[in-house]
Amino acid sequence: MFFVDTLEFEGLGNRSYLAGGPDAAAVVDPPRDVDQVIAAAARRGVRITHVAETHVHNDYISGGLELARTTGARYLVPAGASVSFERTPVSDGDAIAVDEGLVLRAMATPGHTPHHTSYVLEEDGRSVAAFTGGSLLIGSVGRPDLVEPRLTERLARAQHASAHRLVDSLDDEVRVLPTHGFGSFCSSSQAEGDATTIGAERKNNEALTTDVDTFVARLLAGLDDVPAYYAHMGPANAAGPAPVDLTPPRPADAEEIASRLAAGEWVVDLRNRVAFAEGHVTGSINVEGEGKLATYLAWLIPWGKPVTLLASTPEQIAMAQRELTRVGIDRPAAAATGEPHAWIREGERPASFPRARFADLAEVRGRGEQVVVLDVRRDSERAGGYVEGSLHIPVHGLHGRLGEVPAGVVWVHCAGGMRAAIAASLLDAAGREVVAVDDAFTAAGEAGLPVTGPVATD
């Protein structure tokens, strides 16, 4: 009997897979921190004999090369991918024996990238699962615009053809196991549900229910901003990522934290937004460790800028460090744990700012007070409705556009509160008076604020 174990990485919205039989297994699209993959194989009591990449990834740094080196496994990479390391090139139709009666068969599925390859798992000649990477996702497909703008429409058409090739080649009961689509910006839209099959996608996936011209037009019209750090992921994966070092960062005291801030480095507070608003180091930035830390920090920070991490516990630092290695932020410059009073120099006081609800904003406006309302959601979210008179700067662009925020108290909001907290911390660090709206955007209209257009509910 075969098995498939899913390794989920919620922070990046991706999945990796360990699949095999009684003795041996293959890993598909492994994460940078390969120790957990090795541990999963150990729990199964199997050897990792193959590591397979569906494509050269644009949203995270792969652990495939290091996993292959560590385990002695064959490293399967699509033949069309241009890489600088030794690997086993895989072409359409290649069959790779994983265990007795268990085969991975390569299927060319270009679209997300020109060289994208899916792997169909066959048991005794019968297809049982398809590892579709960034091709066929749950109710969607991978983005076609991450390689080269001039190729985007061509790749979108290839995505449509690849989706049809998969469903035309496989039976309805075959499981579809994508890498992207669970919050990753590599997906053209987010997954609806947690699991799917070829049959379910045949009925529900727009790539399979609309003609190619309609599909391409809708796909291209719906593409959102690309995280800035993606520009560094593909080249790093093509060059061959280095092994990671997850040993604890060097501890920093209050003097060092202050000197790093004075030098223009980033000090990132991983605590939840409530605790941060109540008290924090002046100039520090709040990106919650429990949220999309890697995505938003890597998107915001100037590439290569040193990072010092602050958290309540060493465990939170370790979790953040692991998450950040997946997007190429390999070693924090330093770290400190505890509470804000231990991170500031003697005689100084923690900074703070208020939090509020949309009802509070409606009350302030109702009194005639002039405040700046800053919407930091993405363009696609704002298109679904916004507070009249609000300024719009997506959170990922705010650091470079702080000068565009008018004078006055800034009430900053997003769709739920997490990104508003990031934005509020950026404004606070710049010396602005800020109020973080920690509320669902659906509450804006309910509070009586004038909202233009339909209200997004995500």
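Note that the structure is predicted; figures quoted are calculated from it, not measured.

Remarks on the overall build of the protein
Point 1. Looking only at helices and strands, the protein has 16 helices and 22 strands in total.
Point 2. Taking the principal axes of its C-alpha atoms as reference, the protein extends roughly 70 × 50 × 35 Å.
Point 3. Counting every position in the protein, which comprises 458 residues, the buried fraction comes to 55%.
Point 4. Restricting to contacts in the protein with at least 6 residues of sequence separation, those with at least 24 account for 68%.
Point 5. Of the roughly 18,300 Å² that the protein leaves accessible, carbon and sulfur atoms contribute 49%.
Point 6. Between the mean site of the 40 positive side-chain charges and the mean site of the 62 negative ones, the protein shows a separation of 2 Å.

Section: the sheet that holds strand S20 (residues 410-413)
Point 1. If you walk across this open sheet you meet the five strands as S16-S21-S20-S17-S19, and the pairing is parallel. Each having just a single partner strand, strand S16 (355-356) and strand S19 (391-392) make up the two edges of the open sheet.
Point 2. For S16 and strand S21 (residues 434-437), the ladder comprises two bridges, and the chain directions are parallel. Bridge pairing links Ala356 to Val437 in S21.
Point 3. Strands S16, strand S17 (372-375), S20 and S21 of the sheet are contacted by helix H12 (residues 358-366), whose axis makes an angle of about 150° with S20.

Considerations on empty space enclosed by the protein
Point 1. Taken as a whole, this structure holds two cavities of 30 Å³ or more when the rule is applied.
Point 2. Around the largest cavity sit 13 residues that line it, and Glu53, Val56, Tyr75, Phe85 and Asn237 are the ones nearest its centre.
Point 3. The greatest single-element share of the lining of the largest cavity, amounting to three residues, is contributed by strand S5 (residues 74-78).
Point 4. The residue inventory of the lining of the largest cavity, partitioned by class, reads eight nonpolar, four polar and one charged.
Point 5. Considered as a void within the structure, the second largest cavity measures approximately 40 Å³ in volume.

Remarks on the nonpolar core
As a rule of thumb, soluble globular proteins bury nonpolar side chains together.
Point 1. Judged by nonpolar contacts, the single largest core of 52 residues is most densely connected at Leu297, Leu309 and Leu374.
Point 2. Sort the elements by how many residues they give to this core and helix H10 (residues 293-300) lands first, with seven residues.
Point 3. Leu374 has contacts with Leu391, Ile393, Leu398, Val405, Val410, Trp411, Val412, His413 and Leu427, leaving out every residue within four places of it along the chain.
Point 4. Ranked by size, the runner-up nonpolar core spans 23 residues in total, among them Leu18, Val27, Val37 and Leu67.

A short note on the packing of aromatic side chains
Any aromatic ring pair is given by two values, namely how distant the centres are and how the planes are angled relative to each other.
Point 1. Considering all chains together, one arrives at seven aromatic pairs under this definition.
Point 2. Arranged with centres 5.2 Å apart and planes meeting at 80°, the rings of Phe185 and Trp299 form a pair that is edge-to-face. Within this pair, whereas Phe185 is found in the loop between strand S11 (175-178) and helix H4 (198-204), its partner Trp299 is found in helix H10, the two being separated by 114 residues in sequence. Here Phe185 matches Trp299 in class, with each residue buried.
Point 3. With centroids separated by 6.0 Å and ring planes inclined at 15°, the aromatic side chains of Tyr296 and Trp299 adopt a geometry described as stacked. A residue pair is termed a helical-turn pair when its members lie 3 or 4 positions apart in one helix, as Tyr296 and Trp299 do in helix H10 at three residues. As far as burial versus exposure is concerned, Tyr296 and Trp299 are alike and both buried.
Point 4. Through pairs of rings, three or more aromatic residues link up here, namely Phe185, Tyr296 and Trp299.
Point 5. Between the NZ or CZ atom of Arg15 and the centre of the ring of Phe182, over which it lies, the distance is 3.8 Å.
Point 6. Of note, Arg377 hangs over the ring of Phe441, and the distance from its end group to the ring centre comes to 4.0 Å.

Description of the layout of surface pockets
Point 1. Reported here for the second largest pocket is a volume of approximately 440 Å³.
Point 2. As for the second largest pocket, its lining consists of 21 residues, of which Gly289, Glu290, Gly291, Met319 and Glu323 are closest to the centre.
Point 3. Broken down by secondary-structure element, the contributors of at least two residues to the lining of the second largest pocket are strand S1 (3-9) and helix H11 (314-325).
Point 4. Here the lining of the second largest pocket is composed, by residue class, of five nonpolar, seven polar and nine charged.

Quick look at the packing of helix H3 (residues 152-169) against helix H6 (residues 212-221)
Point 1. For the pair H3 and H6, interaxial distance at closest approach is 9 Å and the crossing angle is 125°. Between H3 and H6, the interaxial angle falls into the category oblique. Judged by the sense of rotation from one axis to the other, the crossing of H3 with H6 is right-handed. The segment H3 lies against H6, with Thr152, Glu153, Ala156, Arg157, Gln159 and His160 engaging Val212, Asp213, Phe215, Val216, Leu219 and Leu220.
Point 2. A breakdown of the residues in the contact of H3 with H6 according to their chemical character gives six nonpolar, three polar and three charged.

Digging into the sheet that holds strand S12 (residues 266-269)
Point 1. The four strands are arranged S13-S12-S14-S15 in an open sheet whose pairing can be described as parallel. The sheet terminates laterally at strand S13 (285-286) and strand S15 (334-337), the two strands that pair on one side only.
Point 2. Against the sheet, helix H8 (residues 254-262) engages S12, strand S14 (307-311) and S15, with an angle of about 130° to S15.

Details of the pairing of S11
Point 1. Of the pairings in the sheet, the one linking strand S10 (residues 126-133) to S11 comprises four bridges and is parallel in character. Bridged to Ala130 within S11 is Val176.
Point 2. With H3 bridging S10 and its parallel neighbour S11, the resulting β-α-β unit is right-handed.

Some remarks on helix H2 (residues 64-71)
Point 1. All of the buried residues in H2 are Gly64, Leu65, Leu67 and Ala68. Projected down its long axis, H2 carries its buried residues within an arc of 165°, all on one side.
Point 2. Structurally, H2 contributes buried residues whose contacts are with strand S3 (24-28), helix H1 (35-44), strand S4 (47-52) and S5.
Point 3. Phi turns positive one or two residues past the end of H2, at Gly72, with a value near 80°.

A word on the environment of Ser127
Point 1. Tracing the chain through its elements places Ser127 in strand S10.
Point 2. For the pair Ser127 and Ala40, spaced 87 residues apart in the sequence, the C-alpha separation amounts to 24 Å.
Point 3. Those residues in contact with Ser127 that sit more than four places away from it in its chain are Val120, Leu121, Glu122, Leu170 and Val174.

Thresholds applied
- Residues numbered from 1 in each chain as written.
- Predicted model: local features only at pLDDT ≥ 70, side-chain atom pairs only at ≥ 80, totals over all residues.
- Heavy atoms only, no water.
- Helix = DSSP H or I, 4+ residues; strand = E, 2+ residues; numbered from the N terminus.
- Buried < 20%, exposed > 50% of the residue type's maximum accessible area, 1.4 Å probe, protein only.
- Contact = heavy atoms within 4.5 Å.
- Areas by Shrake-Rupley, 256 points an atom, 1.4 Å probe, with all protein chains shown as cover.
- Lys, Arg positive; Asp, Glu negative; His and termini not counted.
- Charge placed at Lys NZ, Arg CZ, Asp CG, Glu CD.
- Pairing = 2+ DSSP bridges.
- Axes fitted to C-alpha atoms, helices over the stretch in contact; angles between N-to-C directions.
- 1 Å grid on protein atoms, 1.4 Å probe; cavity = no way out; pocket = protein on both sides within 12 Å on 5 of 7 lines; lining within 4 Å.
- Points joined across faces, edges and corners; volume = space filled by probe spheres on them.
- Nonpolar A, V, L, I, M, F, W, Y, C, P; charged D, E, K, R; others polar.
- Core = buried A, V, L, I, M, F, W, Y, C linked by side-chain atoms within 4.5 Å.
- Phe/Tyr/Trp six-rings, centres within 6.5 Å; stacked < 30°, edge-to-face > 60°.
- Lys NZ or Arg CZ within 6 Å of the ring centre and 35° of its normal.
- Parallel < 35°, antiparallel > 145°, perpendicular 65-115°, else oblique.
- Left-handed = near helix turned anticlockwise from the far one by under 90°.
- Right-handed = clockwise from strand over helix to strand, strands pointing away.
- Arc of directions from axis to C-beta.

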